[in-house]
Amino acid sequence: MYFKNIGILFALTLTLVLSACNSENATEKADGFIKRSIAYEKQGQYRATLIEIRNAIQAEPENLDHIQRYAEVLIKIGSVLQAESLLVSVNNRTEALNLLLANALLKQGKYISAAAILGQLPATVADQTSKEHLEALVAYFSGDQATAFNSFRALAGQQDTPVDVVYEFINLLIQNRQFAEAKQWSDQILASNPNDANALYYSAKLAYESNQLTAAESLLTKALIQLRETDVLLQERVQVLELLSTTLTALGRSTEAFVYQKIIREANPEAFAAQQQYKDALAAASQGDLAAAKTAFEDILTQFPNNQQAALLLGLIHLEEGDTATAEGLLSENLDAETAPVSLIRATALAQSEQGKSEEALAVLERALLVRPDDSTLLALFGIISINSGEERQGLASVSKALQLEPDRTRLHLLLAQYYVDQDQTDLALGHLRQAYAKNPKDWSTSGYYLATLLESREQAEAVSVRDSLYQQFPNDPASLWLVAMTDYKMGKLDNAKSNLKALLAIDSKNLNALNALAGMYQQSNEYDMAADFWLKALQVNPGNPSYLQSLVQNKARTHSFAELTAWISKQANTHKDIALPLNSVLVELYVNSKNMDQAQAIADQYKNTDQPYARGMQANLLRGHALLAAEKQEWTAAVGHLDEALKILPNDTKLTLLAAQFEFSNSQGDLALTRIDELLKLNERNYPAVIVKTQIIEKLENLSQAFGYIDDLWQAQPHGAILNAYLYYLKKEQPNNVERELKRLVAMEPNNDKAHVLIADSYLSQGKHVEAIASYELALVSNPQSIPALNNLAWLLKENKVDRALDYATKAAQLAPNSANVLDTLAWVLHLQGNKQQALDAINKALTLEPDNTELQQHKAQILGK
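So, how was this worked out
Each chain carries its own residue numbering, running from 1 in the direction its sequence is written. Totals for whole chains, interfaces and linings use every residue, but because this is a predicted model, local features are given only for residues with pLDDT of at least 70 and side-chain atom pairs only at 80 or more, for both listing and counting. Each side-chain value is worked out from all heavy atoms of the structure, with water and hydrogens disregarded. Secondary structure follows DSSP: runs of H or I at least 4 residues long count as helices, runs of E at least 2 residues long count as strands, and numbering of each begins at the N terminus. Throughout, radius of gyration means the C-alpha value; the globule benchmark is 2.2 Å times the number of residues raised to the power 0.38. Partly exposed residues are those whose accessible area sits between 20% and 50% of the maximum for their type, while under 20% is buried and over 50% is exposed, using a 1.4 Å probe and protein chains only. Contacts are residue-level and defined by heavy atoms, with any inter-residue pair within 4.5 Å sufficient. In these tables, accessible area is a Shrake-Rupley quantity obtained with a 1.4 Å probe, and a residue counts as shielded only by the protein chains included in the view. In this analysis an axis means a line fitted to C-alpha atoms, helices contributing only their contacting stretch, and an angle means the value between N-to-C directions, from 0 to 180 degrees. Angles are sorted into four bins: roughly parallel if under 35 degrees, roughly antiparallel if over 145, roughly perpendicular if 65 to 115, and oblique for all others. A clockwise turn of the near helix away from the far one marks a right-handed crossing, whereas an anticlockwise turn of less than a right angle marks a left-handed crossing. The term salt bridge refers to a side-chain nitrogen of Lys or Arg lying within 4 Å of a carboxyl oxygen of Asp or Glu. In this scheme Phe, Tyr and Trp rings, the latter by its six-membered ring, pair at centre separations within 6.5 Å, and the angle between planes marks the pair as stacked below 30 degrees, edge-to-face above 60, and tilted otherwise. When charges are counted, Lys and Arg are positive and Asp and Glu negative, with His and the chain ends excluded.

### With respect to the overall build of the protein
Here is step 1 of the chain: A count of helical and extended segments in the protein gives 49 helices and zero strands.
Here is step 2 of the chain: Taken over the C-alpha trace, the protein has a radius of gyration of 40 Å; the compact-globule value for 867 residues is 29 Å, which it surpasses by more than 25%.
Here is step 3 of the chain: When its C-alpha atoms are laid out on the principal axes, the protein stretches across 120 × 75 × 75 Å.
Here is step 4 of the chain: When the 867 residues of the protein are sorted by exposure, 46% land in the buried category.
Here is step 5 of the chain: Across the protein, every contact between residues at least 6 apart in sequence was considered, and the portion connecting residues at least 24 apart equals 49%.
Here is step 6 of the chain: Accessible surface, the protein as shown: approximately 43700 Å² in total, 50% of it carbon and sulfur.

Right under this line is the structure:
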């Protein structure tokens, strides 16, 4: 036992001795590396200097003095970002390291971060001069120039202040055009050391500023001689070379100037090449060639992965292209909110917010606002994102501050108004909108929202006043005429609305908003030929819009036979060559639907070798026609084959796919039909026509309960108006007591779904809940002021107690549906209750002309006559 303990004791002693020896060896090795680094630095060999310091850090990683020396050299050669990264990675930084970190941050303009670091230090530190110097810079960057310069003067007057601090003071004085004082300090240094290269440079800069070019050249040449040669081009040499090149150019000696530019370029050829690439990429972006700019920035990042500017601009391009996810990643990773321009900060915060990263967006903006506390753009964006994130008080305060700083920014009034409308505080909203209108009525978005809010809150008189004011001030402005026309339309003055839209088109004949609105108004007033004419004009402006083509045909078909319709379309195709292709494509569809395949084929053959969408649609339509003919003969396999050929032309076309599925079902291949629809739904599980057909097939293959289960799962995940009718069909059969609840869920998701509001109101009406029914019909009108069921039923419900309002609703409904016996009956009865017997008789007689056998109408006429 005695010998065993002796052995352990010996082993421990040996371990301690070896450990001490290793520690001493590491320290000795590190000291050797540091001494060599100092020697290399004196010789101007900075690359070797850095290698030796890295070796010292490797030998003695816990020695923070080595980290300090490495950071000092990095800052000296201009690698401040690398110095910052190194220092930030150090835990438990010393005072000296914190001062170095603050210095690195200030050299990048990050004075907020630097101030935070300095704030962690005690009032008095070992290197008090450095602390006071950095605090002076923080004051300068934060805008307190007087305090900063006073601090610099005090430091410059102290004998132990490093001369670099005085250089920095001189530079700031020159930047602020305080040349006299700058000269005093520069002369003071030169008086004690006439060969001080930096003082010579600043003297030259002062001479250049006073247009003493020859003197500047002489001083710069002398400074260049005094600067020692180094293997890394230091900033002190770069600034001399750049100013000398500029001075020589100003003296007309461009060839000599180029020599000095070449020195700078050849000192770092990779950086120059990257800079040139960067300029080329910027030029491509400015010319709108985003693809070339994107490729150039990607190439730069491949070569220089840490190039933050290239990454940020590449992020902006992705944002422009709609790739928000990629844009957000690039912008968030590379943005410095303290130093980046406002446009980049705004883009980053918007991308983060759109990606659901509101907290990150607010953090970026909060950091940026520390530097720019009065930037109204950042304040407004901070307010918007705060409000949308549920931080209403913080958001409102920020937007209000932005508005105080820029009272004429009417869009901020609009933002606040929209918020207050959402909160049902219409009076506050209107207050902001009135201010905005008074400041700038030509802010059309805000003026339009003002008018819409007035109409929705039943402030008719004020709406008319604003409408008249716009018309009087801007009678020839298309935007003004648009708002005037839309106000007339919403107030039921259809003829006035049409007149103002025509006046707008006289100024701007290709205004699609006006063309669409006029076509819709003529369609509502059953003037179908006029509606078709305006849809035709809209198609000429935008031939690629299939909805214009569809609306044109639907309206013309209401007043023309098939032969007249096809002849008219053919005539228009021959007259208007610019839209012949879309018009002929619809002719092919019409002929296919009427089984006139020869005529369809003759038209389609004109475009056999054309690969435009309408031409491909013609070929697919021909195949659809052959499929329909085969289906008539119950040749289901052939019919599906034709449709599969059509789908090769128009892959994943919903109508063709669903028709093929229906034919497969008719051929007792229900499973194949469902598989086909499921393939379509993989592309978009909310392809609602496909959902409806699948539900119907499930009902036929399985049972109604299974079909309801499928469509109910989709509805419960997200109610949608596109499947409302189909869903209600199954819901009424399976869960009739839940109809009202599900309609309310839909309007919670789609508050502007007027059909859902009408159905809810109908439900209340059937239960005798008239007050609730009136409220729901009115909500329908907020979403759609032309909802005929809402207008008609409101008129009927209000006829006893509010006959004037009832008459307004009934009159508007009759204008929109002049051939509806039910609507005319309501109008007649309201007129009767108001005592307008003759007008009531006119309305009821027109209703009876439409439905002469309607006994209820006959009874109402008798009552109006007093029988």
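### Let's talk about the packing of helix α29 (residues 512-524) against helix α30 (residues 528-541)
Here is step 1 of the chain: Axis separation between α29 and α30 bottoms out at 7 Å; the angle between their running directions is 160 degrees. By the angle between their axes, α29 is roughly antiparallel relative to α30. For α29 against α30, the interelement crossing comes out left-handed. Here Leu512, Leu515, Asn516, Leu518, Ala519, Gly520, Tyr522 and Gln523 of α29 lie close against α30, whose contacting residues are Tyr528, Met530, Ala531, Phe534, Trp535, Lys537, Ala538 and Val541.

### Concerning the pattern of salt bridges
Here is step 1 of the chain: The tally for this structure, following the rule as stated, stands at 36 salt bridges.
Here is step 2 of the chain: Residue aspartate 605 is joined to lysine 608 by a salt bridge in which the shortest nitrogen-to-oxygen separation is 4.0 Å.
Here is step 3 of the chain: Owing to a relative accessible area of 33%, aspartate 605 belongs among the partly exposed residues under this scheme.
Here is step 4 of the chain: A salt bridge links lysine 744 to glutamate 740; the nearest nitrogen and oxygen atoms lie 3.2 Å apart. Pair noted here: lysine 744 and glutamate 740 are both in helix α42 (residues 739-749), with a separation of four residues, about one helical turn.
Here is step 5 of the chain: Residue classification places glutamate 740 among the buried positions, given a relative accessible area of 18%.
Here is step 6 of the chain: Three or more residues are tied together by salt bridges with common partners; here these are Glu41, Arg69 and Lys76.

### Observations concerning the packing of aromatic side chains
Here is step 1 of the chain: Per the counting criterion, the structure on display carries 18 aromatic pairs.
Here is step 2 of the chain: With centroids separated by 6.2 Å and ring planes inclined at 75 degrees, the aromatic side chains of phenylalanine 562 and tyrosine 591 adopt a geometry described as edge-to-face. Of this pair, phenylalanine 562 sits in helix α32 (residues 562-575) while tyrosine 591 sits in helix α33 (residues 580-593), and the two are 29 residues apart along the sequence.
Here is step 3 of the chain: According to the relative accessible area criterion, tyrosine 591 is buried, its value standing at 10%.
Here is step 4 of the chain: Ring plane angle 85 degrees and centroid distance 4.8 Å describe the contact between tyrosine 729 and tyrosine 730, whose orientation is recorded as edge-to-face.
Here is step 5 of the chain: The partly exposed category is assigned to tyrosine 729, whose relative accessible area is 40%.

### Structural notes on the environment of serine 113
Here is step 1 of the chain: If you trace the backbone, serine 113 turns up in helix α6 (residues 111-119).
Here is step 2 of the chain: When its relative accessible area of 15% is taken as the criterion, serine 113 is described as buried.
Here is step 3 of the chain: Distance from serine 113 to glutamine 735, taken between C-alpha atoms, is 62 Å for residues 622 residues apart in sequence.
Here is step 4 of the chain: Apart from residues no more than four positions distant in its own chain, serine 113 is found in contact with Leu105, Glu338 and Arg367.

### Observations concerning helix α45 (residues 788-798)
Every α-helical turn comprises 3.6 residues, leaving residues that sit three or four positions apart pointing alike.
Here is step 1 of the chain: Along α45, the residues that are buried comprise Ala790, Leu791, Asn792, Leu794, Ala795, Leu797 and Leu798.
Here is step 2 of the chain: Each element contacted by the buried residues of α45 is listed here: α43 (754-766), α44 (770-783), α46 (803-816) and α47 (821-834).

### Observations regarding the side chain of aspartate 754
Here is step 1 of the chain: Counting through the fold element by element, aspartate 754 comes out in helix α43.
Here is step 2 of the chain: There is no salt bridge for the buried aspartate 754, and the closest opposite charge comes from lysine 755, which lies 6.7 Å off by N-O distance.
Here is step 3 of the chain: Contact partners of aspartate 754, with chain neighbours within four places excluded, come to Ala780, Ser783, Asn784 and Ser787.

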